[in-house]
Protein chains: 2
Amino acid sequence: MSAPALTGRGSFLLTNVGELTTNVAVEGDPCGTVLDAAVLVRDGRVAWAGPREEIPDAAARGAGEQIEVVDAGGRAVIPGFVDSHTHLVFGGDRAEEFAARMAGERYAAGGIRTTVAATRAASDDDLRERLRALVAEGRAQGTTTLEIKTGYGLDVGTETRLARLAAEVTDEVTFLGAHVVAPEFAGRADEYVDLVVGAMLDAVAPHARWVDVFCETGAFSPAQSRRVLEAGRAQGLGIRVHGNQLGYGDGAALAVSLGAAAVDHCTFLSDDDVAALAASDTVATLLPGVEFSTRQPYPDARRLLDAGATVALASDCNPGSSFTSSMPLMIALAVREMGMTPAEAVWAATAGGARALRRTDVGVIEPGARADLVLLDAPSRVHLAYRPGVPLVRRVWKDGVES
Amino acid sequence: MSAPALTGRGSFLLTNVGELTTNVAVEGDPCGTVLDAAVLVRDGRVAWAGPREEIPDAAARGAGEQIEVVDAGGRAVIPGFVDSHTHLVFGGDRAEEFAARMAGERYAAGGIRTTVAATRAASDDDLRERLRALVAEGRAQGTTTLEIKTGYGLDVGTETRLARLAAEVTDEVTFLGAHVVAPEFAGRADEYVDLVVGAMLDAVAPHARWVDVFCETGAFSPAQSRRVLEAGRAQGLGIRVHGNQLGYGDGAALAVSLGAAAVDHCTFLSDDDVAALAASDTVATLLPGVEFSTRQPYPDARRLLDAGATVALASDCNPGSSFTSSMPLMIALAVREMGMTPAEAVWAATAGGARALRRTDVGVIEPGARADLVLLDAPSRVHLAYRPGVPLVRRVWKDGVES
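Here is what the cut-offs are and how they apply
- Residue positions within a chain follow its written sequence, with the count starting from 1.
- Chain letters start at A and ligand numbers start at 1, both assigned in the order the entries are written.
- Under the rules for a predicted model, residues below a pLDDT of 70 receive no local features and side-chain atom pairs below 80 are neither given nor counted, while totals for whole chains, interfaces and linings still include all residues.
- As a rule here, side-chain values cover all heavy atoms of the structure and leave hydrogens and water aside.
- Note on conventions: DSSP H or I runs of at least 4 residues are helices, E runs of at least 2 residues are strands, and numbering of each starts at the N terminus.
- For every residue, the accessible area obtained with a 1.4 Å probe (protein chains only) is divided by the maximum for its type, and the residue is called buried under 20%, exposed over 50%, and partly exposed between those limits.
- Any two residues having at least one pair of non-hydrogen atoms within 4.5 Å are treated as being in contact.
- Exposure was quantified through the Shrake-Rupley algorithm and a 1.4 Å probe, taking into account, for residues, occlusion by the shown protein chains and nothing else.
- In this tally, Asp and Glu contribute negative charge and Lys and Arg positive charge; neither His nor the terminal groups of the chain are included.
- Note on charges: their place is set at NZ of Lys, CZ of Arg, CG of Asp or CD of Glu.
- Least-squares fitting of one copy onto the other uses the C-alpha atoms of those residues that reach a pLDDT of at least 70 in both copies.
- Pairs of strands are assigned from DSSP output, requiring at least two bridges between the strands.
- Note on definitions: angles span 0 to 180 degrees between N-to-C directions of axes, and those axes are lines fitted to C-alpha atoms, for helices only across the stretch in contact.
- A domain assignment, automatic or from a database, supplies the domain bounds used here.
- The buried area of a pairing is the accessible area, by a 1.4 Å probe, that goes missing from both parts when the two are put together, added over both.
- A pairing counts as a salt bridge when a side-chain nitrogen of Lys or Arg comes within 4 Å of a carboxyl oxygen of Asp or Glu.
- Polar contacts, as used here, are pairs of N or O atoms within 3.5 Å; protein pairs need one atom able to donate a hydrogen and one able to accept it. Residues neighboring in sequence count only if both atoms are side-chain atoms.
- Charged means Asp, Glu, Lys or Arg here, nonpolar means Ala, Val, Leu, Ile, Met, Phe, Trp, Tyr, Cys or Pro, and polar covers whatever is left, Gly included.
- Only Phe, Tyr and Trp rings take part, Trp by its six-membered ring, and two of them pair if their centres are within 6.5 Å. Stacked means planes under 30 degrees apart, edge-to-face means over 60, and tilted covers everything else.
- Our definition puts a charge over a ring when NZ of Lys or CZ of Arg is within 6 Å of the ring centre and also within 35 degrees of the ring normal.
- The directions considered for the arc are those from the helix axis to the C-beta atoms.

What follows is about the overall build of chain A. A tally of regular secondary structure across chain A gives 13 helices and 16 strands. Counting only C-alpha atoms and orienting by the principal axes, one finds that chain A spans roughly 70 × 45 × 40 Å. Taken across its 403 residues, chain A has 61% of its residues classed as buried. Looking at chain A alone, contacts between residues at least 24 apart form 70% of all its contacts between residues at least 6 apart. Working note: accessible area of chain A is about 13500 Å², and carbon and sulfur atoms make up 48% of it. Positive and negative side-chain charges in chain A, numbering 37 and 53 respectively, have mean positions lying 2 Å apart.

Its rotation angle being 180 degrees, the transformation that places chain A on chain B also includes 0.0 Å of axial translation and leaves an RMSD of 0.0 Å. The transformation just described matches what one would write down for a two-fold rotation axis. Closest to the rotation axis within chain A is the C-alpha of A:Gly389, separated from it by 2.6 Å. The residues that chain A uses at the interface reappear at the interface of chain B in 100% of cases, marking a shared surface.

Now for the sheet that holds strand 9 (residues 210-215) of chain B. Residues and elements named next belong to chain B. Within the open sheet, the eight strands sit side by side as 6-7-8-9-10-11-12-13. Their pairing is parallel. Strand pairing shows two members of the sheet lacking a second neighbour, strand 6 (81-83) and strand 13 (311-313), which therefore form its edges. Shown here is a sheet whose adjacent strand axes are inclined to one another by a mean of 25 degrees, direction ignored. For strand 11 (residues 262-265) and strand 12 (residues 283-286), the ladder comprises three bridges, and the chain directions are parallel. Across the sheet, Asp264 pairs through a bridge with Thr285, a residue of strand 12.

As a further point, take the domain arrangement of chain A. Residue and element names in this part refer to chain A. The domain architecture assigned to chain A consists of domain 1 (12-80 + 364-402) and domain 2 (81-356). Taking only C-alpha atoms, the centre of domain 1 and the centre of domain 2 are 30 Å apart. Each partner contributes to the interface: domain 1 provides 17 residues, whereas domain 2 provides 18 residues. Contact between domain 1 and domain 2 buries roughly 1400 Å² in total, counting both sides, with carbon and sulfur atoms accounting for 72%. The tally of links between domain 1 and domain 2 comes to zero salt bridges. Seen at the junction of domain 1 and domain 2, the total is three residue pairs in polar contact (both at pLDDT 80 or more). Of the residues forming the side of domain 1 that touches domain 2, the biggest block, four residues, is contributed by strand 15 (residues 393-398). Grouping the amino acids of the side of domain 1 that touches domain 2 by side-chain chemistry returns twelve nonpolar, two polar and three charged.

This brings us to the pairing of strand 1 (residues 12-21) of chain A. Residues and elements named next belong to chain A. For strand 1, the tally of buried residues reaches nine of ten residues, placing the bulk of the element in the interior. Both strand 1 and strand 2 (residues 33-42) contribute to a ladder of seven bridges, which runs antiparallel. Along strand 2, the bridge assignment pairs Phe12 with Val41. Relative to strand 4 (residues 69-71), strand 1 is paired through three bridges, and the arrangement is parallel. Within the sheet, the bridge partner assigned to Leu14 lies in strand 4 and is Val70. Strand direction decides the pairing type here: strand 1 and strand 5 (residues 76-79), joined by two bridges, are parallel. Among the inter-strand pairings, Leu20 is bridged to a residue of strand 5, identified as Val77.

Glancing now at the packing of aromatic side chains. The relative placement of two aromatic rings is captured by the distance of their centres and the angle of their planes. Scanning the entire structure with this criterion turns up 16 aromatic pairs over all chains. Where A:Phe90 meets A:Phe323, the ring centres are 5.7 Å apart and the plane angle is 75 degrees; that geometry is what we call edge-to-face. With A:Phe90 in the loop between strand 6 (81-83) and helix 1 (95-102) and A:Phe323 in the loop between strand 13 (311-313) and helix 11 (327-337), the pair connects residues that are 233 residues apart, well separated along the chain. What makes A:Phe90 buried here is its relative accessible area of 1%. Looking at A:Phe323, the relative accessible area reads 4%, which means it is buried. Aromatic side chains A:Phe323 and B:Tyr386 sit 5.1 Å apart centroid to centroid with 70 degrees between the ring planes, which places their arrangement in the edge-to-face category. Here A:Phe323, found in the loop between strand 13 and helix 11, pairs with B:Tyr386, found in helix 13 (residues 383-386), and the two come from separate chains. Each member of the pair A:Phe323 and B:Tyr386 is classed as buried. Positioned above the aromatic ring of B:Phe323 is the side chain of A:Arg387, whose terminal nitrogen or guanidinium carbon lies 3.7 Å from the ring centre.

What follows deals with helix 1 of chain A. All names here are of chain A. Listing the buried residues of helix 1 in full gives Ala95, Phe98, Arg101 and Met102. With its buried residues spanning 125 degrees around the axis, helix 1 presents them on a single face. Of the residues one or two after helix 1, Gly104 is the one with positive phi, at around 125 degrees.

Residue and element names in this part refer to chain A. Ordered by their spatial adjacency, eight strands build an open sheet running 6-7-8-9-10-11-12-13, and the pairing between neighbours is parallel. Two strands in the sheet have a free side with no partner beyond their single neighbour: strand 6 and strand 13. Sheet twist, expressed as the average angle between the axes of neighbouring strands with direction ignored, equals 25 degrees. Examined bridge by bridge, strand 10 (residues 238-243) and strand 11 (residues 262-265) share four bridges and lie parallel to one another. Bridge assignment links Val241 to a residue of strand 11, and that residue is Val263.

To continue, consider the pattern of salt bridges. Residue and element names in this part refer to chain A. Considering all chains together, one arrives at 58 salt bridges over all chains under this definition. We note a salt bridge from Arg209 to Glu172, for which the minimum N-O separation is 2.9 Å. Here Glu172 lies in strand 8 (residues 172-178) and Arg209 lies in the loop between helix 5 (189-204) and strand 9 (210-215), a separation of 37 residues in the sequence. Its relative accessible area of 2% is what places Glu172 among the buried residues.

So, about the interface of chain A and chain B. If you look at the interface, chain A gives 37 residues, while chain B gives 37 residues. Carbon and sulfur atoms make up 61% of the surface buried where chain A meets chain B, a total of about 3100 Å² over both sides. When the area that chain A buries against chain B is broken down by residue, the three leading residues are A:Phe292, A:Arg336 and A:Tyr386, summing to 26%. Linking chain A with chain B are two salt bridges, by the criterion used here. On inspection of chain A and its partner chain B, the count reaches 23 residue pairs in polar contact (both at pLDDT 80 or more). Elements with a minimum of two residues in the side of chain A that touches chain B: helix 1, helix 3 (124-140), helix 9 (288-294), helix 11 and helix 13 (383-386) of chain A. Per element, the largest residue contribution to the side of chain A that touches chain B is six residues, and it comes from helix 11 of chain A. Split by residue class, the side of chain A that touches chain B holds 21 nonpolar, eight polar and eight charged.

Following this line, the structure appears as structure tokens:
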């Protein structure tokens, strides 16, 4: 290997990494852990990753003047978090609803309408300011890839506006016109679905990569959900589903039958659902922030993993049921409450999220991948669960550039 | 009121505070909440706090040149957290034990001995470096007053060393020689207690304000615990107790009978314990980080509050059962798991901690109190529970000086 040109932005050697999580699976270790490791980054991509003593050439070892060397001080490095389920474009907040729920009121999907009213009333600038603040907040906690859904507009103009704003900060925009039935269509869900699969989809699809639907009692029926997803697919969108959050239902089965990239929530799954997920390419995305903030029982990640399903963790950051952007907390909750090991939880929050977005360039540290790296203020990824609530993310690079 | 001289370090006017939690109780609001508020700080102490429109004179309104004005931007301000139960002086960590426990092993107090070995082997410099890093970590999350215990030495020399190191960073040092029986005294607990109440106490007491004991099956019996506490009291130390963590027991009753400032854990309380606490000045300090990290059931804060007991929240930051310094997470857990309202939890993490340390100068924002202030990146203290895991602490002042 000839001496690389490492003068540009997005090029450096990260060395003295005590524990590197590559997510390049090896026998017995899906996290592809390398101790005393280094990562060579060139032009925003990973050029090489491996044991420090095998750094490929003299320049990369830092002997040349042109290379920036970053010393990790023996700390742990993981791929940037891939948060595959968020709702970051909205107006207002629902702190009072939260406090009331904690005092005993039950979570109901209808609360979404509160945010719909605030979102419709908000200016683009207000929405953008909030959105960018939340993206920055997530980035500071290690999130380098974000999916963002529409779904607080529920009319053609506002849904389009939300998709445009989301597209300013991510390529992973999801059309969720079918979040709940718009208030103007109360009692006329099928007519609302006509709008969603018609003019609304036409307007939003150019800004989106995915279509999603909330398939749940109180939101959309399986038949309505199928209509929405098939219409989105016909316009070239990939499929994702909200399902099985508040009770048993058809969301997971529908997702698998349509080849969805992911079905999200999965709090209430039948044995058949688990078996179907395990036999499919559909990722089960678990959102423990929702169970935390709605005081619901947590999904059983262990059951899914033991059956062979692929599990992702995401924040579901939204102002109603999970107003957290903290992927480290999702990991801690997954370990405390859902039967995951720390390694499984970290994998699910990085590689799992990437699978849920059908991405191979993120959630992994290998040659060619985006140089999305998180340096922890800890010797091991285990500390993300062992030290709950502590801001352990010390440095973050996205595309090789530090945030 | 004449124009104050506000030129010095530790003097400023904090204004445009959207929601100020003073903890100066008013009818129906123990948090003494003031909306659209300001706080005048002079020489590290609170000089005045109240509605912004009532700022006492022209200079304080920022008209004069000599006053530094800090604009809170409508955000919430609370007193700095008073973390009244930590074990921050130790060597090593126990990440592997944590991971094993999450895979199904049960927490046992004996794991403390692992840390004892690492602590005895550590140099003062190593212990100091870790200690200071943890203090800084807590400060960044809003903790401005910390109690720190010895208890990982268990011999005269090391316990003294730990007390000296703790005293470098706090006035609230607690002698916990009776944490577990030292390994050299295995099976000879009474002989170990002889040492604790004899040479060890003599050596440590000059550095400490408090004496504490772990009154629990597997640690010290009620009779042994009483000996330790009475001996400490005879040397002028205040009393605190670890009790009722792993099962029902005599810790709480003993604490009340001796007029302890606090009994900490209180996970398993009888009706008599609750009644005794409610009728006493002994604070029930709840440590939900322990239940989180040991997967134990949470204490029932609601039951204590409804009975009229005073409740504090603390981190119990230690490498075995709760390696978190995050008071915001304690608040979020108290709301999610222990039946507290957000206001009760914030009070318990500030004023409650102050009561548990018998301090009147912290945990409150009123004239004469230390200017220990936390500016949240949120419009309300409710967000500490509503936004779990998110680092919401934006700025921290201790004694009027920003950290």
